[in-house]
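As a plain string of letters, each chain reads:
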Amino acid sequence: MTTKCACVEGKYDSGFDIPEIIRQRPPHNCEYIKARNALIEVAEIAADRAAPGQSIESKAWARAFHQAMNRLAYEGGLTTTRPLHLIG
């Protein structure tokens, strides 16, 4: 059995829906995915500023991007887990 989902994360590359059994581990939340995806552009800008001249394949840029995504998700109320790089 499958459930309908408009999220890219809810599809196989072939475009078929992911079976419900897979979606339950961990639970898929379409609204959370949509809200988090809306943060990507701002996180990319933050990563470019934190790691100037680095390509998106570099470890420094990837670290900066993930830190920005986690910070933005926390500050936006998408998660209650404070990012480790903000704990001090």
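In what follows, the structure referred to is the one given above.
These numbers come from a predicted model, not from an experiment. Starting from 1, residues in each chain are numbered consecutively following that chain's sequence as written. Thresholds applied to this predicted model are a pLDDT of at least 70 for local features of residues and 80 or more for the giving and counting of side-chain atom pairs; totals over whole chains, interfaces and linings are not thresholded and use all residues. The side-chain quantities take in all heavy atoms of the structure and omit both hydrogens and water.

Caption draft 1: Spotlight on the overall build of the protein chain. Secondary structure elements are defined from DSSP: runs of H or I of at least 4 residues count as helices, runs of E of at least 2 residues count as strands, and each element is numbered from the N terminus. Assigned secondary structure in the protein chain consists of four helices and zero strands. Ordered by position from the N terminus, the helices and strands of the protein chain form the series α-α-α-α. Only protein chains enter the accessibility calculation, which uses a 1.4 Å probe; a residue whose area is less than 20% of its type maximum is buried, one above 50% is exposed, and one in between is partly exposed. A total of 88 residues make up the protein chain; the buried ones form 24% of that total. Counting only contacts in the protein chain whose residues sit at least 6 apart along the sequence, the fraction spanning at least 24 positions is 28%. For accessible areas, the Shrake-Rupley method is used with a probe of radius 1.4 Å. Any residue's cover is judged against the shown protein chains and nothing else. Per element, the accessible surface of the protein chain, about 6,600 Å² overall, is 57% carbon and sulfur. By the convention used here, residues are in contact when the closest approach between their heavy atoms is within 4.5 Å.

Caption draft 2: Broad picture of the pattern of salt bridges. For this analysis, a salt bridge means a side-chain nitrogen from Lys or Arg found within 4 Å of a carboxyl oxygen belonging to Asp or Glu. With the rule as written, the count across this model stands at one salt bridge. A salt bridge links Glu75 to Arg71; its shortest N-O distance comes to 3.2 Å. Taken as a pair, Glu75 and Arg71 lie in helix 4 (residues 59-75) at a separation of four residues, close to a single helical turn. The exposure class of Glu75 is exposed, given its relative accessible area of 54%.

Caption draft 3: Broad picture of the nonpolar core. To qualify as a nonpolar core, a set must consist of buried Ala, Val, Leu, Ile, Met, Phe, Trp, Tyr and Cys residues joined through side-chain atoms within 4.5 Å. In this structure, Leu39, Ala43, Ala47, Ala51, Trp61, Ala64, Phe65, Ala68, Met69, Leu72 and Ala73 together form the largest nonpolar core, which totals eleven residues. Elements represented by at least two residues in this core include exactly helix 3 (40-50) and helix 4. Per-element accounting of this core gives the leading share, seven residues, to helix 4. Not counting chain neighbours up to four residues away, the residues in contact with Ala64 comprise Ala47 and Ala50.

Caption draft 4: Examining the packing of aromatic side chains more closely. Two aromatic rings, drawn from Phe, Tyr or Trp (for Trp, its six-membered ring), form a pair once their centres lie within 6.5 Å of each other, and the interplanar angle then sorts them: stacked below 30 degrees, edge-to-face above 60, tilted otherwise. Taken as a whole and assessed by the stated rule, the structure comprises one aromatic pair. When the ring of Trp61 is compared with that of Phe65, the centres are 5.3 Å apart and the planes differ by 10 degrees; the resulting orientation is stacked. Taken as a pair, Trp61 and Phe65 lie in helix 4 at a separation of four residues, close to a single helical turn. We classify Trp61 as buried; its relative accessible area is 7%. Classification of Phe65 as buried rests on a relative accessible area of 14%.

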